[in-house]
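Residues per chain, in single letters:
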Amino acid sequence: MPRTSRPKSKTQPIAPGVPSSAAVPVEEPTQRREPLPPKRDQAAPRPSTATGTPVDVPIDAMAQQGAFLTTAQGARLTDTDHSLKAGPRGPVLLQDHHLREKITHFDHERIPERVVHARGAAAHGVFAANGAAERICCASLFEKGKETPVFVRFSTVLGSRGSADTVRDTRGFATKFYTDEGVFDLVGNNIPVFFIQDGIKFPDIIHAAKPHPDREIPQAQSAHDTFWDFVTLHTEATAHTLWNMSDRGLPRSYRMMEGFGVHTFRLVNARGKTVLVKFHWKPRLGVHSLLWEEAQIAAGVDPDMHRRDLADAIESGAFPQWDLGVQVFPDTEEQTFEGIDLLDPTKLVPEELAPVQVIGTMTLNANPTNYFEQTEQVAFHPGHLVRGIDHTDDPLLQGRLFSYLDTQISRLGGPNFAQLPINRPHVGVNDMFRDGMHQTAGHAGVAPYRPNSLDGGCPFLAGNKDAALIEYPEAVAGRKVREAPKSFDDHFSSARIFYASLTPVEQAHVAKAYTFELGKCYEKAIKQRAVTVLRQIDEQLAQTVATGLGLPLPGKPSKNVQVLASPALSQVGNRWPCDGRIIGIVADDKTDLADLAATVATVAEQSMTPLVIAPHGGELGNGAQQVVVSRTLDTARSIEFDALLVAATVGDLRLTTLVQEAHRHLKGIAYTPDGADAVRAAGITDNSAGVEGADTIATAFDGIAALLPEHRVWARAAEYAH
Ligand code: HDE
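All values reported here derive from a predicted model rather than from experimental measurement.

### Some points on the overall build of the protein chain
- When its secondary structure is counted, the protein chain shows 16 helices and 22 strands.
- By the compact-globule yardstick of 27 Å for 722 residues, the protein chain fits well, its C-alpha radius of gyration being 29 Å.
- The principal-axis extents of the C-alpha atoms in the protein chain amount to approximately 85 × 85 × 55 Å.
- By residue count, 40% of the 722 residues in the protein chain fall in the buried class.
- By sequence separation, contacts in the protein chain at least 24 residues apart represent 71% of the contacts at least 6 residues apart.

### Looking at the sheet that holds strand 20 (residues 643–646)
- An order of 19-16-15-20-21-22 is seen for the 6 strands of this open sheet, with the pairing classed as parallel. In the strand order of this sheet, the two ends are held by strand 19 (631–632) and strand 22 (691–693), each with one partner.
- Relative to strand 19, strand 16 (residues 609–614) runs parallel, the two being bridged by 2 bridges. Across the sheet, Ile613 pairs through a bridge with Arg631, a residue of strand 19.
- Docked against the sheet, helix 16 (residues 697–707) engages strand 15 (582–586), strand 20, strand 21 (668–671) and strand 22, running at close to 165° with respect to strand 21.

### A word on helix 13 (residues 593–605)
- An ideal rise of 1.5 Å per residue puts 18 Å on 13 residues; helix 13 measures up with 18 Å between its terminal C-alpha atoms.
- Of all the positions in helix 13, only Leu596, Ala597, Thr599, Val600 and Val603 are classed as buried. Along helix 13, the residues classed as buried sweep out an arc of 165° about the axis, all on the same side. Across helix 13 from its buried face, at more than 90 degrees, point the exposed residues Ala594, Ala601 and Glu605.
- Looking one or two residues beyond helix 13, the residue adopting positive phi is Ser607, at roughly 60°.

### Description of the domain arrangement of the protein chain
- Taken domain by domain, the protein chain consists of domain 1 (120–197 + 254–419) and domain 2 (582–719).
- Computed over C-alpha atoms, the centres of domain 1 and domain 2 are 37 Å apart.
- Of the residues lining the interface, 10 residues belong to domain 1; the matching set on domain 2 comes to 5 residues.
- When the residues that make up the side of domain 1 that touches domain 2 are grouped by side-chain class, the tally is 5 nonpolar, 2 polar and 3 charged.

### As for the nonpolar core
- Judged by nonpolar contacts, the single largest core of 106 residues is most densely connected at Cys137, Leu242, Val510, Leu534 and Val545.
- What Leu242 contacts, discounting residues up to four positions off in sequence, is Ala495, Phe498, Tyr499, Val510 and Ile537.
- Judged by nonpolar contacts, the second largest core, of 49 residues, contains Leu596, Leu655, Val691 and Val713.

### Re the site of the ligand
- As a structural note, the neighbourhood of the ligand is formed by 26 residues, with His117, Gly172, Gly199, Val262 and Gly399 the closest of them.
- If you list the elements that add at least two residues to the shell around the ligand, you get strand 4 (147–156), strand 5 (171–179), strand 6 (182–189) and helix 8 (395–411).
- Per element, the largest residue contribution to the shell around the ligand is 7 residues, and it comes from helix 8.

### Description of the packing of helix 2 (residues 202–209) against helix 3 (residues 225–233)
- At their nearest, the axes of helix 2 and helix 3 sit 7 Å apart, and the two run at 145° to each other. Taking contact as the criterion, the partners of Asp204, Ile205, Ala208 and Ala209 in helix 2 are, on helix 3, Thr226, Phe227, Asp229 and Phe230.
- Within the contact of helix 2 with helix 3, the residues separate by chemical class into 5 nonpolar, 1 polar and 2 charged.

### A short note on the packing of helix 4 (residues 238–245) against helix 9 (residues 493–501)
- Interaxial distance between helix 4 and helix 9 falls to 7 Å at its minimum, and their mutual angle equals 25°. Comparing the axis directions of helix 4 and helix 9 gives the class roughly parallel. The element helix 4 and its partner helix 9 pack so that their crossing is left-handed. Contact residues: helix 4 offers Thr238, Ala239, Leu242 and Trp243, while helix 9 offers Ser494, Ala495, Phe498 and Tyr499.

### Focus: unusual backbone geometry
- With omega at -5°, the peptide bond leading from Ile217 into Pro218 counts as cis.
- As for its placement among the helices and strands, Pro218 is situated in the loop between helix 2 and helix 3.
- Cis rather than trans, the peptide bond between Arg450 and Pro451 has omega equal to -10°.
- By the element assignment, Pro451 lies in the loop between helix 8 and helix 9.
- Backbone geometry at Val262 places phi at a positive 65°, although glycine is not the residue there.
- Looking at where Val262 falls in the secondary structure, it is placed in the loop between strand 7 (259–260) and strand 8 (265–268).
- With a phi close to 50°, Glu338 is a non-glycine residue in the positive phi region.

### A short note on the pairing of strand 15
- Counting buried residues in strand 15 gives 4 out of 5 residues, a clear majority hidden from the surface.
- Looking at chain direction, strand 15 and strand 16 are connected through 5 bridges and run parallel. Bridge pairing in strand 16 links Val586 to Ile613.
- Tracing the backbone out of strand 15, into helix 13 and back to the parallel element strand 16 gives a crossover that is right-handed.

### Considerations on the pairing of strand 6
- In terms of burial, strand 6 is largely enclosed, as 8 of its 8 residues are buried.
- Bridge count for strand 5 against strand 6 is 8 bridges, and the pairing is antiparallel. Bridging from a neighbouring strand, Ala174 pairs with Val187 of strand 6.

### A look at the environment of Glu539
- As for its placement among the helices and strands, Glu539 is situated in helix 12 (residues 539–549).
- Among the residues examined, Glu539 registers 14 C-beta atoms within 10 Å and is labelled partly exposed.
- Along the primary structure Glu539 and Ser558 are separated by 19 residues, whereas in three dimensions their C-alpha atoms are 7.4 Å apart.

The rules behind the values
Note that residues are indexed from 1 along each chain, following the sequence as it is written. Whole-chain, interface and lining totals are the exception, using all residues; otherwise, since this is a predicted model, local features are given only for residues with pLDDT of at least 70 and side-chain atom pairs are given and counted only at 80 or more. The secondary structure listing takes helices from DSSP runs of H or I that are at least 4 residues long and strands from runs of E that are at least 2 residues long, numbered from the N terminus. Throughout, radius of gyration means the C-alpha value; the globule benchmark is 2.2 Å times the number of residues raised to the power 0.38. Residue burial is a threshold on neighbouring C-beta atoms within 10 Å of the residue's own C-beta, all placed from the backbone, with 20 or more meaning buried, 12 or fewer meaning exposed, and counts in between meaning partly exposed. The contact criterion used is a C-beta to C-beta distance within 7 Å, with each C-beta placed from the backbone. Two strands make a pair as long as DSSP finds a minimum of two bridges between them. In this analysis, axes come from line fits to C-alpha atoms, helices being fitted only over the stretch in contact, and the angle between any two N-to-C directions falls in the range 0 to 180 degrees. For a helix, the expected span equals 1.5 Å multiplied by the residue count minus one. This arc is taken over the directions from the axis of the helix to the C-beta atoms. In this document the domain limits rely on a domain assignment from an automatic tool or a database. Any residue outside Ala, Val, Leu, Ile, Met, Phe, Trp, Tyr, Cys, Pro, Asp, Glu, Lys and Arg is labelled polar, Gly included; the first ten of those are nonpolar and the last four are charged. By definition, a nonpolar core groups buried Ala, Val, Leu, Ile, Met, Phe, Trp, Tyr and Cys residues that connect through C-beta atoms lying within 7 Å of each other. Nearness here is judged by the C-beta atom: place it from the backbone, and if it falls within 6 Å of a molecule or strand, the residue counts as near that partner. Comment on the angle field: the value is read as roughly parallel under 35 degrees, roughly antiparallel over 145, roughly perpendicular from 65 to 115, and oblique elsewhere. If you view the pair so one helix is near and one far, a crossing is left-handed when the near helix is turned anticlockwise from the far one by less than a right angle, and right-handed when it is turned clockwise. Seen with the strands pointing away from the viewer, any crossover whose path from the first strand over the helix to the second strand runs clockwise is right-handed.

Have a look at this one:
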């Protein structure tokens with residue numbers, strides 16, 4: 001039967017560097033023919049029970065299988081484009097079940113987004129233990145050589161699901177370990193301290209930080225009155241706020257972020273001995289950030305920047321890696337270390353006092369095959385623990401233990417979300433939970449209770465040696481009070497350590513961020529209060545922000561406190577691998593194509609991504625000597641490139657803007673004789689740091705490759721007030 005719609009001609013996208021001859025025009029078929037086999041990504045996971053046992057269902061009977069379009073009940077359809085009507089121009093008939101089924105399913109496609117951390121991106125991977133934790137923890141996942149599958153979801157906190165990736169915010173870093181002893185979730189952030197010390201205040205900080213309830217603006221921003229009202233009245237938020245205002249609030253990529261468990265956890269070894277630890281994820285690519293202007297431009301030009309970056313890197317084989325480390329503290333009665341209260345989640349312990357000891361490495365090596373099924377439906381919980389890992393009495397952690405399961409019941413529509421494939425443990429589940437919304441387990445047996453005699457007394461209880469959730473028998477005594485310990489009154493020491501550890505350029509970014517954010521507030525009293533708080537951190541910082549806001553310096557200077565700087569907290573001054581870095585190469589039809597093609601290949605060989613930018617799309621050159629154009633002057637902005645190589649002068653203001661932006665964003669710039677005029681037209685001279693002329697495209701690349709390990713040309717920062 002002929003189709004009524006006209007054939008459309010589409011062209012498949014061309015991967016960078018792939019000759020255009022690989023493009024295959026795709027025609028929509030107009031004649032009936034045997035359907036194609038299902039695409040790989042249409043294949044549903046093989047069904048299994050909640051305990052992970054595969055269910056033997058014929059492949060054609062599963063969802064998203066088989067060649068023909070069907071209803072949800074598996075009946076084949078001849079038409080899905082026309083409602084059933086009384087005549088071609090007549091009313092639609094209520095009896096059209098396919099119409100109602102299709103629309104009804106669509107109507108219910110959305111579930112409530114997460115109340116915080118709604119916007120996220122995720123990946124699958126593996127955690128390989130090096131055995132260093134065996135002496136302090138009996139969890140099997142830390143045994144030397146053990147490999148454990150993981151699923152990691154990164155997120156922003158404040159924005160809705162559709163908000164931009166590059167906003168100034170904390171990032172979530174949640175890891176699900178599918179261990180052979182059950183699921184362990186490490187639900188952390190990219191900032192080691194938190195806003196509040198007690199879980200009961202979480203609704204307050206989130207209500208203050210989320211958009212105003214009257215007009216629901218601003219989206220995904222802390223630059224507004226209610227946020228600053230709360231964090232300046234509630235000075236325990238000072239350290240976290242300072243981290244947000246630093247470059248840490250603007251990660252360059254999820255792959256270049258640290259992760260922190262924030263709370264102190266208790267580890268128990270095989271002999272029952274305990275230590276207290278703080279978990280750290282250390283990215284192998286180093287910790288890097290965007291500049292504020294880049295983050296702002298990206299929010300418009302590429303709001304999916306971080307999601308895309310993660311997926312592209314994994315797709316191209318540049319698998320991101322993190323070392324997992326622990327800071328280890330003796331489990332004393334006071335639960336302090338060098339005077340720092342380990343139960344206070346607003347405090348950090350400098351690595352120079354307690355080094356981070358690496359206990360394994362995580363590699364993310366596969367993208368989710370379906371965003372909703374995996375990234376959206378994954379459910380993390382700080383209470384998902386395995387043998388050997390226990391909580392402490394940190395009151396923030398205790399609040400979290402209640403919240404996650406509670407919110408997931410409403411977000412995922414009932415209590416059976418642990419049966420979703422992404423949440424299922426990779427070991428057998430033998431609970432006695434029954435029924436409820438979306439039950440898929442099909443439990444056998446008649447006695448889901450204990451003790452029973454009818455099901456042979458099964459299931460049995462594990463002995464202490466094999467069991468998880470064995471709470472360490474910590475002695476607990478006290479009066480019932482609504483109080484915090486005295487040490488929780490120290491609201492500024494961690495903030496001072498962090499600020500003192502930053503280099504001048506990073507400190508300047510902090511001052512700019514406060515000036516920007518407070519400049520967006522309307523209430524003068526709030527701005528004044530914020531500057532008063534800043535005087536508790538650093539007098540010069542407070543003065544710079546006050547001047548920027550046009551305010552007199554209020555309050556009193558902080559007492560002369562000696563602060564120990566922790567160089568590990570600064571991002572500047574280290575050298576890192578350049579895998580996955582993006583090199584923009586400006587070329588045109590007059591560029592030496594042999595040199596260009598060879599350099600494109602060299603960049604890719606060094607695990608970086610070459611993107612050729614030209615005045616037009618398509619290809620440069622013809623015949624054997626063709627190079628695919630990845631970006632045009634319309635689509636290229638500096639935010640996408642870690643370095644720029646200019647090998648053409650096209651006399652176009654868009655190129656001038658690109659070069660100026662790259663320069664202002666402290667990117668390495670190299671140019672060939674053909675690109676010299678474009679660099680000059682941007683007002684840039686060779687006296688500027690990190691700008692290098694070279695004879696060929698290949699040698700120009702060598703020049704910028706040497707600059708990349710430091711991430712940016714920091715020496716150039718003095719030329720700009722970012
Ligand atoms: Fe969360 N947090 N949180 N949080 N959190 C959630 O759980 C909550 C806190 C963190 O990618 C919610 O399933 C309370 C600290 C991450 O799915 C919710 C308190 C840290 C994610 C919730 C905190 C985090 C969440 C929303 C104070 C860092 C995203 C949806 C007591 C150590 C996980 C959900 C993902 C998500 C509550 C504080 C990290 C509402 C009550 C501290 C990374 O349950």
